[in-house]
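Here is how the chains run, residue by residue.
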There are 2 protein chains.
Amino acid sequence: MSVIYDRVALIGLGLIASSMFWAMKRKGLAGEVTGYARSDATRETARRIGLCDHVYDSAAEAVAGADLVVLCVPVGVMGQVAADIAPHLKPGATVTDVGSVKRDVIDSVGPHLPENVHFIPGHPLAGTEHSGPESGFAELFDQRWCLLVPVEGSDRAAVDRLRQLWEGIGSNVQEMEADHHDLVLAVTSHAPHLIAYTMVGVADDLSRVTDREVITYSAAGFRDFTRIAASDPTMWRDVFLSNKDATLEILGRFTEELFALQRAIRTGDGDHLHDYFTRTRAIRRGIIEAGQDTDAPDFGRKKSGP
Amino acid sequence: MSVIYDRVALIGLGLIASSMFWAMKRKGLAGEVTGYARSDATRETARRIGLCDHVYDSAAEAVAGADLVVLCVPVGVMGQVAADIAPHLKPGATVTDVGSVKRDVIDSVGPHLPENVHFIPGHPLAGTEHSGPESGFAELFDQRWCLLVPVEGSDRAAVDRLRQLWEGIGSNVQEMEADHHDLVLAVTSHAPHLIAYTMVGVADDLSRVTDREVITYSAAGFRDFTRIAASDPTMWRDVFLSNKDATLEILGRFTEELFALQRAIRTGDGDHLHDYFTRTRAIRRGIIEAGQDTDAPDFGRKKSGP
Ligand SMILES: NC(=O)c1ccc[n+]([C@@H]2O[C@H](COP(=O)([O-])OP(=O)(O)OC[C@H]3O[C@@H](n4cnc5c(N)ncnc54)[C@H](OP(=O)(O)O)[C@@H]3O)[C@@H](O)[C@H]2O)c1
Ligand SMILES: NC(=O)c1ccc[n+]([C@@H]2O[C@H](COP(=O)([O-])OP(=O)(O)OC[C@H]3O[C@@H](n4cnc5c(N)ncnc54)[C@H](OP(=O)(O)O)[C@@H]3O)[C@@H](O)[C@H]2O)c1
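As recorded in an unreviewed UniProt entry, chain A goes by prephenate dehydrogenase and comes from Roseobacter denitrificans. The record in UniProt for chain A states the following under Pathway (unreviewed entry): "Amino-acid biosynthesis; L-tyrosine biosynthesis; (4-hydroxyphenyl)pyruvate from prephenate (NAD(+) route): step 1/1." In its Sequence similarities (unreviewed entry) section, UniProt records this for chain A: "Belongs to the prephenate/arogenate dehydrogenase family."

Listed below in structure tokens is the structure:
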């Protein structure tokens with residue numbers, strides 16, 4: 001594939017930025033990639049492992065002359081970062097982001113950007129429970145979806161070019177409206193994460209079952225929750241605070257259903273339980289048929305010796 | 001390894017029974033293995049794939065002369081099965097089970113068994129979301145725990161022999177008291193399963209997000225829930241109904257915590273969220289260090305093409 005942007009700047013050098021870097025390099029999609037992260041430690045790690053062609057000590061330097069700027073920081077600091085870089089953006093550049101929430105990012109980033117740049121929010125639906133500059137890998141986005149959320153008046157050509165980049169990175173691209181994005185993600189990601197965090201916290205807190213027992217006997221369902229609940233605390237704090245309404249709406253529906261199932265358990269209503277558990281299997285089948293997960297038992301994971 | 005029981009009878013021929021069969025064969029732990037399942041279809045499948053040395057059309061025939069009888073049926077029917085086989089048990093035989101709940105199984109099976117057999121309830125903490133006679137494999141129990149729950153007056157030699165079998169099958173064996181077992185499992189398995197079923201049901205029900213969207217954009221956390229929520233409805237209905245008290249206790253704690261986190265989201269209390277999410281990471285580390293899960297990102301699962 002050929003170069004899509006001559007110069008790309010990655011602001012924030014964690015899991016998503018580093019995976020984008022390796023994916024762009026794999027296909028030669030960017031002429032040059034510059035980078036910036038907040039801490040000395042992260043910038044040094046990036047230099048050591050060759051993440052970015054050049055790592056700068058300021059965001060201003062990193063974005064200077066860039067045709068594409070990708071904000072890869074937690075959603076709670078997107079606005080501040082946008083304010084920092086705004087005076088240094090090249091006219092005609094595209095600014096995008098990878099934040100897990102879209103309405104809040106649009107509201108906090110948009111007002112800072114000059115008229116002469118294209119702002120095209122985005123969100124790659126791919127991640128792992130690991131974070132930081134060393135956790136990235138080129139294949140992260142392969143066959144995963146990337147949602148682009150053009151704002152009012154977004155330039156068609158600029159959107160199409162960004163779409164090309166994500167397709168080159170390996171993703172399927174879809175456009176979606178911001179509020180709908182936030183609701184869909186509240187269902188498929190944000191509420192499940194909060195629930196997993198909650199359940200792991202409960203297990204940790206119980207006085208009659210020790211942490212040692214929880215850890216030892218975790219194989220039976222719980223350990224899947226612990227993987228989700230090992231995700232970065234800062235990233236997730238920001239996600240919940242900035243997608244408050246949709247997350248709370250879904251959690252409200254969730255507790256309503258949970259109470260109905262609890263009542264069925266209490267009253268011994270086996271039919272209610274059996275019907276509910278039968279219905280949920282169809283969704284799993286759909287996900288496997290859509291190629292969004294493996295059908296291998298237990299995700300096909302390898303046992304790891306103690 | 002040498003033969004531990006001359007004749008083993010498996011009652012119920014699903015995931016657990018078939019995995020036990022292949023694991024016993026792998027190491028030659030049983031002289032002969034007989035089997036019985038309720039439906040013609042399952043018995044025919046078992047005969048076709050060589051599951052059991054001999055599959056009988058009645059439980060009575062299958063258990064005749066067996067030194068070890070393993071009840072591998074849903075917990076709700078354990079009592080009925082015990083009543084059926086009781087008159088046909090060989091004196092001195094050991095009867096065990098693999099049910100996911102122990103107090104209820106002890107109460108429903110125990111009274112049916114004659115004085116001259118050893119009843120030693122058990123529970124291998126291993127499973128997948130698949131079920132039926134063709135879903136089993138010899139490695140299922142490798143490095144996983146098997147909990148034995150001896151009842152009052154259990155014969156030491158009989159318990160030790162059953163322990164040897166499970167160790168030969170590949171498990172680590174631990175003894176535990178029945179009520180404590182049920183509480184530990186409510187935390188590590190039963191409550192997480194109900195929560196996953198609930199969340200998947202909520203997603204399925206939402207009118208503003210289509211099932212197609214849920215399926216397509218499921219990569220981000222939700223699809224782990226769908227795997228758990230694809231487990232057998234009958235097995236899980238029985239688990240919840242027979243471990244009612246412990247499950248409801250844990251779910252009560254869970255909703256209490258969930259409400260506290262929802263309030264933190266509503267009031268914008270980022271510190272509460274961040275602290276909570278930091279604490280839960282330690283449990284994950286413990287599980288990985290204990291060899292109970294892989295540290296590979298995303299369980300190391302393979303992408304499956306559409
Ligand atoms: N992880 C996922 O599963 C996933 C999936 C899709 C989208 N996302 C979104 O992608 C974004 C990045 O997530 P990630 O997983 O890549 O996070 P990460 O691995 O934790 O990396 C975050 C990066 O942001 C930098 N940063 C934090 N605050 C900053 C600030 N005030 N100014 C400049 N840089 C700052 C960090 O720098 P230091 O290292 O110096 O602190 C780090 O380089 C988030 O918005 C997240 O919502 C994540
Ligand atoms: N799956 C897990 O993850 C897991 C883990 C640990 C323990 N367990 C426990 O293991 C037991 C079996 O689970 P599984 O996953 O192996 O289930 P499964 O694959 O669904 O198999 C259940 C077997 O029980 C038979 N059965 C059902 N009702 C019966 C009856 N009234 N009389 C005789 N046979 C009957 C079924 O026969 P048909 O096929 O003819 O209907 C089938 O062969 C359950 O008690 C469960 O709690 C399961």
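Past the structure itself, the notes keep going.
J.: Any chance you could break down the site of ligand 1 for me, citing the residues and the numbers?
T.: Residues and elements named next belong to chain A. As a structural note, the neighbourhood of ligand 1 is formed by 28 residues, with Arg 38, Ser 39, Thr 42, Val 73 and Ser 100 the closest of them. Between ligand 1 and the protein, one listed contact pairs an oxygen atom with a backbone N or O atom of Ile 16 at 2.9 Å. Residue Gly 132 places a main-chain N or O atom 2.8 Å away from an oxygen atom belonging to ligand 1. For ligand 1, whose unbound accessible area comes to 920 Å², protein coverage reaches 87%. For the shell around ligand 1, the elements supplying multiple residues, two or more each, are α1 (15-27), α4 (78-85) and β7 (122-124). The residue inventory of the shell around ligand 1, partitioned by class, reads 16 nonpolar, 11 polar and one charged.

J.: How would you summarise the site of ligand 2 if you had to cite specific residues and measurements?
T.: Residues and elements named next belong to chain B. If you check the shell around ligand 2, you find 28 residues, and the closest are Arg 38, Ser 39, Thr 42, Val 73 and Ser 100. At a separation of 2.8 Å, an oxygen atom of ligand 2 approaches a polar backbone atom of Leu 15. Between ligand 2 and the protein, one listed contact pairs an oxygen atom with a backbone N or O atom of Gly 132 at 2.8 Å. Its free accessible area being 900 Å², ligand 2 has 87% of it covered by the protein chains.

J.: Go over the relation of the copies chain A and chain B with me, naming the residues and quoting the values.
T.: Here chain A sits on chain B after a turn of 180° about the axis and a move of 0.0 Å along it, with an RMSD of 0.0 Å. Taken together, the rotation and translation relating the two chain copies correspond to the operation of a two-fold axis. Comparing interface residues between copies, 100% of those in chain A also lie at the interface in chain B; the contact surface is shared.

J.: Quick one: what's the story with the pairing of strand β8 (residues 145-148) of chain A, residue by residue and with numbers?
T.: Residues and elements named next belong to chain A. Alternating residues of β8 divide into Trp 145 and Leu 147 and Cys 146 and Leu 148, and every residue in both groups is buried. In terms of strand pairing, β7 meets β8 through three bridges, oriented antiparallel. In the strand pairing of β8, Pro 124 is matched with Cys 146. For β8 and strand β9 (residues 172-175), the ladder comprises four bridges, and the chain directions are parallel.

J.: Give me the lowdown on the nonpolar core, citing residues and values where you can.
T.: For soluble globular proteins, nonpolar side chains are generally found buried alongside one another. Of all hydrophobic cores here, the largest spans 90 residues; its most connected members are Phe 225 of chain A together with Phe 225 of chain B. Contact partners of Phe 225 of chain B, with chain neighbours within four places excluded, come to Pro 192, Ile 195, Ala 196, Phe 225 and Ile 228 of chain A together with Ile 195, Ala 196, Met 199 and Val 200 of chain B.

J.: I'd love a proper account of the sheet that holds β8 of chain A, names of residues and values included.
T.: All names here are of chain A. As summarised here, the arrangement of the three strands in space is β7-β8-β9, forming an open sheet in which the pairing is mixed. The sheet terminates laterally at β7 and β9, the two strands that pair on one side only. The mean angle between the axes of side-by-side strands here comes to 20°, regardless of whether they run parallel or antiparallel.

J.: So what's going on with the state of the cysteines? Which residues, and what values?
T.: Within the structure shown, the criterion is met by zero disulfides over all chains. Looking at Cys 72 of chain A, it has no disulfide partner, and the nearest cysteine sulfur is the one in Cys 52 of chain A, 9.3 Å off. With relative accessibility at 13%, the residue Cys 72 of chain A sits in the buried group. The cysteine Cys 146 of chain B is free of any disulfide, with Cys 72 of chain B supplying the nearest cysteine sulfur at 11 Å.

J.: I'd like a description of the interface of chain A and chain B, backed by residues and values.
T.: In this assembly, 114 residues from chain A lie in contact with 116 residues from chain B. On inspection of chain A and its partner chain B, the count reaches eight salt bridges. Between Asp 224 of chain B and Arg 227 of chain A there is a salt bridge, and its shortest N-O distance comes to 2.8 Å. One can count 28 residue pairs in polar contact (both at pLDDT 80 or more) joining chain A with chain B. When grouped by side-chain class, the residues that make up the side of chain A that touches chain B number 53 nonpolar, 32 polar and 29 charged.

J.: Break down the sheet that holds strand β2 (residues 30-36) of chain A for me, with residues and values.
T.: Residue and element names in this part refer to chain A. If you walk across this open sheet you meet the six strands as β3-β2-β1-β4-β5-β6, and the pairing is parallel. Each having just a single partner strand, β3 (54-55) and β6 (118-119) make up the two edges of the open sheet. In terms of strand pairing, β2 meets β3 through two bridges, oriented parallel. Considered in β3, the bridge of Thr 34 is made with His 54.

Definitions and cut-offs
Residues numbered from 1 in each chain as written. Chains lettered and ligands numbered in written order. Predicted model: local features only at pLDDT ≥ 70, side-chain atom pairs only at ≥ 80, totals over all residues. Heavy atoms only, no water. UniProt positions renumbered as here; feature names shortened; annotations may be inferred. Near = heavy atom within 4 Å. Polar contact = N/O pair within 3.5 Å; in protein donor to acceptor, adjacent residues only side chain to side chain. Areas by Shrake-Rupley, 256 points an atom, 1.4 Å probe, with all protein chains shown as cover. Helix = DSSP H or I, 4+ residues; strand = E, 2+ residues; numbered from the N terminus. Nonpolar A, V, L, I, M, F, W, Y, C, P; charged D, E, K, R; others polar. Least-squares fit on C-alpha atoms with pLDDT ≥ 70 in both. Contact = heavy atoms within 4.5 Å. Buried < 20%, exposed > 50% of the residue type's maximum accessible area, 1.4 Å probe, protein only. Pairing = 2+ DSSP bridges. Core = buried A, V, L, I, M, F, W, Y, C linked by side-chain atoms within 4.5 Å. Axes fitted to C-alpha atoms, helices over the stretch in contact; angles between N-to-C directions. Disulfide = S-S within 2.5 Å. Salt bridge = Lys/Arg side-chain N within 4 Å of Asp/Glu carboxyl O.

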